[in-house]
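Here is what each chain is made of, one letter per residue.
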Amino acid sequence: MKLSRIYSLILKDIKTELRDKYAIGAIILYVITSTFIVYKSFQTVTVMAWNVLFWIIFLFAALSALVKSFAQESKSQYLYYYQVAHPGEIIIAKIIYNVLMLLIVSLILYFVLVVFTINPVVDLNLFFLSIFLGAIGVSTCFTFVASILSTQNNQSTMMAILSLPLIIPILLLLIKLSGNALGILQDTSYNSDLLLLVGIDSILFGVAVIIFPVVWRS
Amino acid sequence: MLILLYALVFGMLVPLKPGIEGLSKSVLKTGMTNSFQVNTYNTIYSGDENQEAYLKIDSVHFLKATQVEVLSNRQSTITFDLPSLPGTDSLKYATLLITDQENGTIVYPEGIVIKETGTDSNSSWSTLENGPTLYKKTGFLFPYRNLLVESIRNTFYHIPLWFAMFILFFAAMILNIKYLVKKKLDDDHKASSLIYAGILMGILGLITGSLWAKDTWGAYWTSDVKLNMSAISMMIYLAYWILRSSIEDIDKKARLSSTYSIFAFFTIVPLIFVIPRITDSLHPGNGGNPALGGEDMDHTMRMVFYPAIIGFTLLGVWIAQIILRLKRVREKWFLKMMD
């Protein structure tokens, strides 16, 4: 495993993404459209609803963005990667790339939601920390499931069925944490939630890296 | 099967220890004679026992009742002549104890409030040095707990079902790892049969828990953490079942579902063991409710509870074996068809 190879794999992913801009553009447009629907249908958004809406839109944006993380390149390209890189490097690169993408998407989502509705965030550091941890967890889980499904036909349905239940514990912790950041929950012991989230993230990351080579061989 | 039968029979038939269901009056005032009716549970009064009743307000002070009058097997009237409270408290929680040779000692913990009125009476608090003799009921009986009452028996069915589910899933995960290492298709058959049996156990666990909750909490489903977390883990494993049935190719099915099952197992560990520990729950054992530890789970219950765990696990393994044999037969038949 080499850091430089992971780095170049991430760069490769970013370049492919930038080459055909429609994918990232579609996600951003999805975020803006759903925020606009929320804005028009809710009239006034309460802080509680803001918190939930943020994570729901984030979750579905991530779902549609990450379904194709293994589907956008051709089979021969994968054969090439298989020969030049260790499978662990490939999954780590994919996960890091997806984390970056989710961070950008969530920043855009935050910006758009603030413009259209309200800005309820009290503790900005905690809020971004929870976004960061959430991006890692969601990206690990979805990337892994996408890799399982990479050779399947009915990807998007199966992706939703397989990954949404897996993500619920992370999502519940995230909603609680960001509830603290928005000031609607006065929970002084959110440190244990943070630790738990870090724990779940690292366990999932470890398991994904360890068993990905098996999936990769197909 | 025998162990299971043992757990079922004993879990259902062994009677509960006597206990106190409720009182007609729960606030007593000092400086006057207080009498109230007590509804007891599983008690038998033939009339010639010498019941004695005591009020205990802390580890030192207690008071003997002036009169205990038995109305029926399950009802009696108790009269206390309450003196002024020791110390300066204006309110005090008291524990009621009723004791006799036949039924042993029954306790109503901290169920009575004593209100200080400022007036004293002729009687006085005794101290523990000349404490009351408390009788013990002998025989094989389960403890009596307020709120739980007879539903304490659900300990032998509901909880072992979850234990069994988790053991089955754990075994399946080990077999999945073995499959990925050795690539023997039979391991995957074993693992998936275990998971199907585990899903069955989990669904039964949800049903027994739900019925119990209707009785104890008043609703089939509440927003309690443990309920929701177990529902999520059921969803995860049902997704495993859907994933398996969506793939045609046998090898691919085995490989992908094994990886998913390993991943899924590691996500349900925090669901079942960590998150419920750090959040409050309505379940016995959380938020001050009685539970597995201490007085609430005594030796009589353990004698049924542990065999029940083993029994349900073995039942799960047995179901898994049936599914496994079915799978093997199907595979043979499939191979024959190919020839």
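Residues numbered from 1 in each chain as written. Chains lettered and ligands numbered in written order. Predicted model: local features only at pLDDT ≥ 70, side-chain atom pairs only at ≥ 80, totals over all residues. Heavy atoms only, no water.

1. What to know about the overall build of chain A
And step 1. The secondary structure content of chain A amounts to eight helices and zero strands.
And step 2. Counting all 218 residues of chain A, 52% fall into the buried class.
And step 3. Of the contacts formed within chain A by residues at least 6 apart in sequence, a portion of 80% connects residues at least 24 apart.
And step 4. Split by element, the accessible area of chain A, about 9800 Å² in all, is 70% carbon and sulfur. (Helix = DSSP H or I, 4+ residues; strand = E, 2+ residues; numbered from the N terminus. Buried < 20%, exposed > 50% of the residue type's maximum accessible area, 1.4 Å probe, protein only. Contact = heavy atoms within 4.5 Å. Areas by Shrake-Rupley, 256 points an atom, 1.4 Å probe, with all protein chains shown as cover.)

2. Overview of the overall build of chain B
And step 1. Helix and strand content of chain B: six helices and nine strands.
And step 2. Taken across its 339 residues, chain B has 47% of its residues classed as buried.
And step 3. Carbon and sulfur atoms form 60% of the exposed surface of chain B, whose accessible area is close to 16900 Å².

3. So, helix α8 (residues 190-216) of chain A
And step 1. Taking 1.5 Å of rise per residue, the 27 residues of α8(A) would be expected to cover 39 Å, and the 38 Å separating its terminal C-alpha atoms lies within 8% of that figure.
And step 2. At A:Ile210, α8(A) is deflected by roughly 35°, the largest bend along its length, and proline A:Pro213 occurs up to four residues later in sequence. (Expected span 1.5 Å × (residues − 1). Bend = angle between axes of the 7 residues up to and from the residue.)

4. Quick notes on a nonpolar patch on the surface
And step 1. A cluster of nonpolar side chains, B:Leu200, B:Ile203, B:Leu204, B:Ile207, B:Leu211, B:Tyr220 and B:Trp221, forms an exposed patch at the surface whose accessible area comes to about 650 Å².
And step 2. Secondary-structure assignment places B:Trp221 in the loop between α3 (185-216) and α4 (225-246). (Patch = residues over 30% accessible without salt bridge, like charges linked within 9 Å, V, L, I, M, F, W, Y side chains within 5 Å. Salt bridge = Lys/Arg side-chain N within 4 Å of Asp/Glu carboxyl O.)

5. A closer look at the confidence of the model for chain B
And step 1. When pLDDT is averaged across chain B, the result is 72; 54% of the residues are at 70 or more.
And step 2. Counting interchain partners and residues more than four positions distant, the pLDDT-below-50 stretch residues 286-295 of chain B has 24 contacts. (pLDDT = per-residue confidence, 0-100.)

6. Concerning unusual backbone geometry
Residue and element names in this part refer to chain B.
And step 1. Phi at Lys-183 takes a positive value of approximately 60°, unusual for a residue other than glycine.
And step 2. Mapped onto the secondary structure, Lys-183 falls in the loop between α2 (158-182) and α3.
And step 3. For Lys-183, a relative accessible area of 39% gives the class partly exposed.

7. Digging into the packing of aromatic side chains
Remark: the centre distance and the inter-plane angle together describe each pair of aromatic rings, the angle taken between the planes.
Residues and elements named next belong to chain A.
And step 1. By the definition in use, this model includes 18 aromatic pairs over all chains.
And step 2. Look at Phe-36 and Phe-116: their rings are 5.4 Å apart centre to centre, the planes differ by 70°, and that puts the pair in the edge-to-face class. With Phe-36 in helix α2 (residues 22-42) and Phe-116 in helix α5 (residues 87-116), this residue pair connects regions lying 80 residues apart in the sequence.
And step 3. A relative accessible area of 27% places Phe-116 in the partly exposed class.
And step 4. Here a set of aromatic residues connected by ring pairs shows up, and it is made of Trp-50, Phe-54, Trp-55, Phe-58, Tyr-110, Phe-127 and Phe-128. (Phe/Tyr/Trp six-rings, centres within 6.5 Å; stacked < 30°, edge-to-face > 60°.)

8. Remarks on the interface of chain A and chain B
And step 1. Between chain A and chain B, the contact holds 27 residues from the first and 27 residues from the second.
And step 2. Approximately 2400 Å² of surface area, both sides summed, lies buried where chain A meets chain B, with 84% of it carried by carbon and sulfur atoms.
And step 3. Among the residues chain A hides against chain B, the three largest losses belong to A:Ile148, A:Leu166 and A:Val214. Together they make up 20% of the total.
And step 4. Inspection of the chain A/chain B interface yields zero salt bridges.
And step 5. Counting across the chain A and chain B interface gives one residue pair in polar contact (both at pLDDT 80 or more).
And step 6. Going through the elements one at a time, α6 (124-148), α7 (155-182) and α8 of chain A are the ones with two or more residues in the side of chain A that touches chain B.
And step 7. Counting residues per element, the side of chain A that touches chain B draws most heavily on α8(A), at ten residues.
And step 8. Across the side of chain A that touches chain B, the residue classes tally to 21 nonpolar, three polar and three charged. (Buried area = accessible area lost by both parts, 1.4 Å probe. Polar contact = N/O pair within 3.5 Å; in protein donor to acceptor, adjacent residues only side chain to side chain. Nonpolar A, V, L, I, M, F, W, Y, C, P; charged D, E, K, R; others polar.)

9. With respect to the side chain of A:Asn51
Residue and element names in this part refer to chain A.
And step 1. The residue Asn-51 is located in helix α3 (residues 47-66) in this model.
And step 2. In this structure Asn-51 comes out as buried when scored by relative accessible area, which is 3%.
And step 3. Leave out the neighbours within four places in its chain, and Asn-51 touches Ile-175, Ser-178, Gly-179, Leu-182 and Ile-184.

10. Focus: the side chain of B:Lys327
Residue and element names in this part refer to chain B.
And step 1. Here Lys-327 is to be found in helix α6 (residues 299-338).
And step 2. Buried within the structure, Lys-327 lacks any salt-bridge partner; its nearest side chain of opposite charge belongs to Asp-188, at an N-O separation of 6.4 Å.
And step 3. Setting aside anything within four residues of it in sequence, one finds Lys-327 in contact with His-189, Ser-192, Ser-193, Tyr-196 and Arg-244. (Lys, Arg positive; Asp, Glu negative; His and termini not counted.)

11. Observations concerning the packing of α3(A) against α5(A)
All names here are of chain A.
And step 1. The geometry of α3 relative to α5 is characterised by a closest axis approach of 10 Å and an angle of 140° between their N-to-C directions. Taken as axis vectors, α3 and α5 run oblique relative to one another. In this structure, the crossing between α3 and α5 has a hand that is right-handed. Listed contacts from α5 to Trp-50, Phe-54, Ile-57, Phe-58, Ala-61, Ala-62, Ala-65 and Leu-66 of α3 are Asn-98, Met-101, Leu-102, Val-105, Ser-106, Leu-109, Tyr-110, Leu-113 and Val-114.
And step 2. A per-class count over the contact of α3 with α5 returns 15 nonpolar, two polar and no charged. (Axes fitted to C-alpha atoms, helices over the stretch in contact; angles between N-to-C directions. Parallel < 35°, antiparallel > 145°, perpendicular 65-115°, else oblique. Left-handed = near helix turned anticlockwise from the far one by under 90°.)

12. What about the nonpolar core?
Soluble, globular proteins show a tendency: their nonpolar side chains are buried together.
And step 1. Counting residues in each nonpolar core, the largest one holds 124 residues, and the members touching the most others are A:Trp50, A:Phe54, A:Phe127, A:Phe142, B:Phe169, B:Tyr237 and B:Tyr260.
And step 2. Leave out the neighbours within four places in its chain, and B:Tyr237 touches B:Phe169, B:Ile195, B:Ile199, B:Ser261, B:Ala264, B:Phe265 and B:Ile268. (Core = buried A, V, L, I, M, F, W, Y, C linked by side-chain atoms within 4.5 Å.)

13. Details of the environment of A:Ile96
Residues and elements named next belong to chain A.
And step 1. Checked against the element boundaries, Ile-96 lands in helix α5.
And step 2. Along the chain, Ile-96 and Ala-135 lie 39 residues apart, while their C-alpha atoms are 9.7 Å from each other.
And step 3. Excluding residues that lie within four positions of it along the chain, Ile-96 makes contacts with Ile-6 and Ile-10.

14. A look at the packing of α2(A) against α5(A)
When two helices pack together, their arrangement is captured by the angle between the axes and the distance separating the axes.
Residues and elements named next belong to chain A.
And step 1. Running from amino to carboxyl end, α2 crosses α5 at an angle of 30°, the nearest separation of the two axes being 10 Å. Put simply, α2 runs roughly parallel to α5. Regarding α2 and α5, the two cross each other, and that crossing is right-handed. Taking contact as the criterion, the partners of Ile-24, Ile-27, Ile-28, Val-31, Ile-32, Thr-35, Phe-36 and Tyr-39 in α2 are, on α5, Met-101, Val-105, Ile-108, Leu-109, Val-112, Leu-113 and Phe-116.
And step 2. Residues that form the contact of α2 with α5 fall into these classes: 14 nonpolar, one polar and no charged.

15. So, the confidence of the model for chain A
And step 1. Summarising the model, chain A shows a mean pLDDT of 82, and 94% of its residues fall at 70 or more.
And step 2. Element-level pLDDT for chain A is lowest in helix α4 (residues 75-84) of chain A, with a mean of 73, against a maximum mean of 88 in α6(A).

16. A word on the environment of B:Ile250
And step 1. Residue placement: B:Ile250 occurs in helix α5 (residues 250-278).
And step 2. Among all residues touching B:Ile250, those that are not within four sequence positions of it are B:Leu185 and B:Phe334.

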